Amino acid sequence: MRRFSLVSFLGLVLVGHQTIPVGNRAPLAPSTLLTNVSLLDGTGSSARRASVRITGDRIADVGALTPRADDQVVDGGGLTLAPGFIDTHSHADRSLMRGSDALGALSQGITTVVVGEDGSSPYPLGPHFDSLARAGAPINVAAYVGHGTIRGRVMGTDYKRHATPAEIAQMKTLLANELRAGALGLSSGLEYDPGIYSAREEVVELAKVAAAAHGRYISHIRSEDRAEWEAFDEIINIGRQAHLPVQISHAKLAMKSLWGQADSLIRLLDRARASGVDITADIYPYRYWQSGLSVLFPERNFDDRKAAQFALDEVAPPDGITLTNYGPHPEYSGKTLTQIAALTGADPVTTLMKLVKDAEEARKAKKPSSETIIAASMDERDIERIMAWPFANICTDGELDGRHPRGYGSFTRVLGRYVRERHVTSVPEMIRKMTSLAAANVGIRERGRIVPGAYADLVLFNENTVIDNATPADPHAVSTGIAKVWVNGVLAYENGRVTPARAGQVVRRPLTSP
Ligand SMILES: [Zn+2]
């Protein structure tokens, strides 16, 4: 048995006063023994004292283990050891391709992200996976195939209409190819262009292709406010007609008149489950979302004053909408709609319409036209009810370099504020929602539980101090209480720092049904 210093785990060995780098890939000894931890295995079972032996990228043994000669022993200091968290709805795609160190994910305990969400995926996926694997990602990456992406490939700029049968047939071929590359299933973003223009039948037809490949369906549903009940019906019907598991992305009731209806939603979902539809959901722990201005206008009627008024009255108030990025007027970034209205001397409704119009015109003129907003639309009671639903798992919906704090703080916020402070559910149950349930809800196997044979994705954290620090003003503040994170058996994060180990793997869909 060899006591192991923290420094050597970071890929460095101390020799006298010199520090010599020894490479950044493999663990330095054949096995690591994590001792003195309170173990939550991800199944929802209560904490127990146990040691965990890691050999290579797998968990070799769990229980009352005696150190062996070749073990590197790591003393967990009595902290809680859980499976690495699985983020079932991530927008880390682009950052990871640019070589991000994934600090935002690792520092909140995330070891696996699922990308290709909201109908938009890297295309083609095969080469994307290959280059990620070659470059070495800091975390594991799985992906869905975006409906909008393949719809765009087939219909080009002529997408503001239903697809023809011939076009749907082409989409099916593209989808089947992408699924063969290892995607988990089909994702849609039916509130976004181009998905919003699809007929229900188009999505069902494509979901059947995912079903035939033992894949799944995950969706940013067609409405999260005005027509949300129809949108819930749509996803339930997709599950029923295409015979595959379906997951509601970032479940929310994002309109004032819907507030307080989480119980009705859960009854609807439970009824669907009882009738044979395997429907689940993920959720992030914030009252405010981040998206584009266009989603405030589901009819895309940007010059309709009544629609703009309705958006501000019902969906998000002017002082609850912050522009996080605005190409036509970069100086508006960080300002609320109320503040911009005051600057321009117009009322909030006129200001909102002008912001959308200016962005549209900039887009047509090929000038800077990007725009994103953070908007407060949800009620805490609904968030807590949906979060506690036994089939809802936790996600971030975040980016690694985004302006919404969810990219850095979602999981730690849930553990600190929703579990420790508000007792939404127990710690073991919430850990289940972050690990084994998350894996099950997106079809990932061999991760999300601490059992012999599983991949050694692990997080060591302090239940009493874990909390998020990221805010809209400081969205990249690192969380408190995450001590160490291992990805495939390699230490990836420790004491606020990402290690040089890039031990992440591409997670492909199993080729057989469960
Ligand atoms: Zn979304």
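Residues numbered from 1 in each chain as written. Predicted model: local features only at pLDDT ≥ 70, side-chain atom pairs only at ≥ 80, totals over all residues. Heavy atoms only, no water.

### Points about the environment of Met-353
Going by this rule: By definition, any uninterrupted DSSP run of H or I lasting at least four residues is a helix, any uninterrupted run of E lasting at least two residues is a strand, and each is numbered from the N terminus. For the exposure calls, accessible area comes from a 1.4 Å probe over protein chains only, and a residue counts as buried if that area is under 20% of its type's maximum, exposed if over 50%, partly exposed in between. In this analysis, two residues are considered to be in contact whenever any of their non-hydrogen atoms come within 4.5 Å of each other.
Along the chain, Met-353 falls in helix 12 (residues 348–364). By relative accessible area, Met-353 is classed as buried at 15%. Taking the C-alpha atoms as reference, Met-353 lies 9.6 Å from Leu-293; in sequence the two are 60 residues apart. Not counting residues within four places of it along the chain, the set of residues in contact with Met-353 comprises Phe-302, Asp-303, Asp-304, Arg-305 and Ala-308.

### A short note on the coordination of the zinc ion
The criterion, for reference: Sites may look incomplete, because water is not among the atoms used; the donor set itself consists of N, O and S atoms within 2.8 Å of the metal (3.2 Å for Na, K and Ca). A site with four donors is called tetrahedral when every donor-metal-donor angle falls between 85 and 135 degrees; four donors are called square planar, and six octahedral, when opposite donors sit more than 155 degrees apart and all other angles fall between 65 and 115; any other arrangement is irregular.
Asp-118 (OD), Asp-118 (OD), His-220 (ND1) and His-250 (NE2) make up the full set of protein donors to the zinc ion, lying at 2.0 to 2.6 Å. Note that the zinc ion binds four donor atoms; their angles at the metal cover 53 to 134 degrees, and the shape is irregular. All donors of the zinc ion belong to a single chain; written as a sequence motif, their spacing is D-x101-H-x29-H. Of this pair, His-220 sits in strand 16 (residues 216–220) while His-250 is found in the loop between strand 17 (246–248) and helix 9 (262–274), placing the two residues 30 residues apart along the sequence. Each member of the pair, His-220 as well as His-250, carries the same accessibility label: buried.

### Examining the pattern of salt bridges
Filter applied, for reference: Salt bridges are counted wherever a side-chain nitrogen of Lys or Arg sits within 4 Å of a carboxyl oxygen of Asp or Glu.
Scanning the model with the defined rule gives 31 salt bridges in all. Salt-bridge contacts for Asp-41 lead to Arg-48; the nearest nitrogen and oxygen are separated by 3.4 Å. Classification of Asp-41 as buried rests on a relative accessible area of 9%. With relative accessibility at 36%, the residue Arg-48 sits in the partly exposed group. Measuring nitrogen to oxygen at the nearest pair gives 2.9 Å for the salt bridge that ties Glu-429 to Arg-432.

### Let's talk about the nonpolar core
Applicable threshold: Take the buried residues of types Ala, Val, Leu, Ile, Met, Phe, Trp, Tyr and Cys, join any two whose side-chain atoms come within 4.5 Å, and each joined set is a nonpolar core.
The biggest cluster of nonpolar side chains holds 130 residues, and the ones touching the most others in it are Trp-289 and Leu-296. Ile-59, Val-62, Leu-460 and Trp-486 belong to the second-largest nonpolar core, a separate cluster that totals 18 residues.

### Digging into the sheet that holds strand 11 (residues 85–87)
What counts is decided by this rule: Only strands joined by at least two bridges in the DSSP assignment are considered to pair. Convention adopted: a line fitted to C-alpha atoms gives each axis, helices being fitted over their contacting stretch, and angles between N-to-C directions are expressed from 0 to 180 degrees.
Taken together, the three strands give an open sheet; going across it, the order is 11-12-13, and neighbouring strands pair in parallel fashion. Looking at strand neighbours, the two that pair on one side only are strand 11 and strand 13 (140–143), the edges of this open sheet. The mean inter-strand angle of the sheet, taken between neighbouring strand axes irrespective of direction, is 20 degrees. Sheet analysis places strand 12 (residues 110–115) next to strand 13, joined by four bridges and oriented parallel. The partner of Thr-112 across the bridge, within strand 13, is Asn-140.

### Topic: the packing of aromatic side chains
Selection rule: We call Phe, Tyr and Trp rings a pair once their centres come within 6.5 Å, taking the six-membered ring for Trp, and we label the pair stacked below 30 degrees between planes, edge-to-face above 60, and tilted otherwise. A positively charged side chain is recorded as over a ring if its NZ (Lys) or CZ (Arg) lies within 6 Å of the ring centre. The angle to the ring normal must also be within 35 degrees.
Evaluated as defined, the whole model comprises nine aromatic pairs. Site record: aromatic cluster; members linked through ring pairs are Phe-85, Phe-411 and Phe-461. Lying over the aromatic face of Tyr-455, Arg-58 brings its terminal NZ or CZ to 3.8 Å of the ring centre. The ring of Tyr-455 has Arg-447 lying over it, and the distance from NZ or CZ to the ring centre is 3.8 Å.

### Quick look at the packing of helix 5 (residues 147–155) against helix 6 (residues 165–180)
The cut-off we apply is this: Oblique is the label for any angle not covered by the other classes, which are roughly parallel (under 35 degrees), roughly antiparallel (over 145) and roughly perpendicular (65 to 115). Left-handed describes a crossing whose near helix is turned anticlockwise from the far helix by less than a right angle; the clockwise case is right-handed. Amino acids are sorted into nonpolar (Ala, Val, Leu, Ile, Met, Phe, Trp, Tyr, Cys and Pro), charged (Asp, Glu, Lys and Arg) and polar (every other residue, Gly among them).
In contact at an axis separation of 9 Å, helix 5 and helix 6 are set at 125 degrees when each is read in the N-to-C sense. Between helix 5 and helix 6, the angle falls in the class oblique. Considering the relative orientation of helix 5 and helix 6, their crossing is right-handed. When helix 5 is examined against helix 6, the residues Ile-150, Arg-151, Arg-153, Val-154 and Met-155 are found in contact with a partner set consisting of Glu-167, Gln-170, Met-171, Leu-174 and Leu-175. Broken down by class, the residue content of the contact of helix 5 with helix 6 amounts to six nonpolar, one polar and three charged.

### Looking at the side chain of Asp-41
The line we're drawing: Polar contact is defined as a pair of N or O atoms within 3.5 Å, subject to the rule that within protein one atom must be able to donate a hydrogen and the other to accept it, and that residues adjacent in sequence are counted only when both atoms are side-chain atoms.
Here Asp-41 lies in the loop between strand 5 (38–39) and strand 6 (48–49). In terms of polar contacts, Asp-41 uses its side chain to reach the side chain of Thr-43, at 2.6 Å. Of the polar contacts made by the side chain of Asp-41, one reaches the side chain of Arg-48; its length is 3.4 Å. Filtering out sequence-adjacent residues up to four positions away, Asp-41 remains in contact with Arg-48, Pro-83, Gly-448, Arg-449 and Ile-450.

### Concerning the environment of Ile-221
Checked against the element boundaries, Ile-221 lands in the loop between strand 16 and helix 8 (228–242). Residue Ile-221 is classed as buried on the basis of its relative accessible area, which comes to 3%. Ignoring any residue separated from it by four or fewer positions in sequence, one finds Ile-221 in contact with Leu-190, Glu-191, Glu-228, Ala-231, Phe-232, Ile-235 and Ile-248.

### Remarks on the sheet that holds strand 14 (residues 145–146)
Within a sheet, adjacent strands bond to each other through the backbone by hydrogen bonds, running parallel or antiparallel. Taken together, the six strands give an open sheet; going across it, the order is 14-15-16-17-18-22, and neighbouring strands pair in parallel fashion. Of all strands in the sheet, those bounded by a partner on one side alone are strand 14 and strand 22 (392–394). Strand direction decides the pairing type here: strand 17 and strand 18 (residues 279–283), joined by three bridges, are parallel. Paired with Val-246 across the two strands is Ile-279, which belongs to strand 18.

### A word on unusual backbone geometry
Following Tyr-123, the chain continues into Pro-124 via a peptide bond in cis, with omega recorded as -10 degrees. Within the element layout of this structure, Pro-124 appears in the loop between strand 12 and helix 4 (125–135). Asp-193 connects to Pro-194 through a cis peptide bond whose omega is -5 degrees. Along the chain, Pro-194 falls in the loop between strand 15 (185–189) and helix 7 (200–212). Unusually for a residue other than glycine, Asn-36 sits at a positive phi of about 55 degrees. Looking at the secondary structure, you find Asn-36 in the loop between strand 4 (31–35) and strand 5. Of note in the backbone geometry, His-214 takes a positive phi value of approximately 60 degrees without being a glycine. Within the secondary structure, His-214 sits in the loop between helix 7 and strand 16.

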